[in-house]
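Residue-level listing of the chains:
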Amino acid sequence: SRCFDIVALLFTYKYNSASSKKMANARPHAHTIDKRSFWTEFFALYESLPALWDLSNPLYKDRQSKTHGYEMLVMKMREIDPHACREDVLRKINIFRTNYRRECTRIKASNQMGKRYNTSLWYFHMLDFCGAKSFAKSGNVCRIVIRKFW
């Protein structure tokens, strides 16, 4: 019983100290509801840099243009996260685009079942430039033509 108490005490100490270290090193959560205006500006800047997302753009294959574009996005991201780097920007973009693709899939699936799906992503239509080629209505069903992103 005494041995069990000591093991439990050590585990509790180790668990609490490890989680407090993680919390001390944790970055502030940059994607919150009150930052909608920031993300709106971020998406507009991202859209203005087709070298980063438009496969048909000749600058898409130019590494220097892409580096310059990501530097601009990093500077923008530093408004809310002073320690932001290129990897942080790439991760955020990937998160947003993944969520966008998932919503497109949900919309397409619900339309095939004859239902109307209302997206809950407040930024969904802001990312139309990098994903949906067109939304063409065909009767009651809305067809979505999606380009490959990567």
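For the structure, check the block above.
Below you will find a few notes about this structure. (Residues numbered from 1 in each chain as written. Predicted model: local features only at pLDDT ≥ 70, side-chain atom pairs only at ≥ 80, totals over all residues. Heavy atoms only, no water.)

For the rest of this paragraph, the subject is the packing of helix 3 (residues 63–77) against helix 4 (residues 86–112). Closest axis-to-axis distance for the helix 3/helix 4 pair is 9 Å, and the angle between their directions is 90°. Judged by the angle between their axes, helix 3 and helix 4 are roughly perpendicular. Counting all contacts with helix 3, which are made through Thr67, Tyr70, Leu73, Val74 and Met77, the residues of helix 4 involved are Arg86, Asp88, Val89, Leu90, Lys92 and Ile93. Of the residues assigned to the contact of helix 3 with helix 4, the class counts are seven nonpolar, one polar and three charged. (Axes fitted to C-alpha atoms, helices over the stretch in contact; angles between N-to-C directions. Helix = DSSP H or I, 4+ residues; strand = E, 2+ residues; numbered from the N terminus. Parallel < 35°, antiparallel > 145°, perpendicular 65-115°, else oblique. Contact = heavy atoms within 4.5 Å. Nonpolar A, V, L, I, M, F, W, Y, C, P; charged D, E, K, R; others polar.)

Turning our eyes to something else, we now look at the environment of threonine 119. Turning to its location among the elements, threonine 119 is positioned in the loop between helix 4 and strand 1 (132–138). Along the chain, threonine 119 and isoleucine 107 lie twelve residues apart, while their C-alpha atoms are 7.8 Å from each other. What threonine 119 contacts, discounting residues up to four positions off in sequence, is Glu103 and Phe124. One polar contact links threonine 119 to glutamate 103, side chain to side chain, over a distance of 2.6 Å. In this structure the side chain of threonine 119 is engaged in a polar contact, spanning 3.2 Å, whose partner is the backbone nitrogen of leucine 121. (Polar contact = N/O pair within 3.5 Å; in protein donor to acceptor, adjacent residues only side chain to side chain.)

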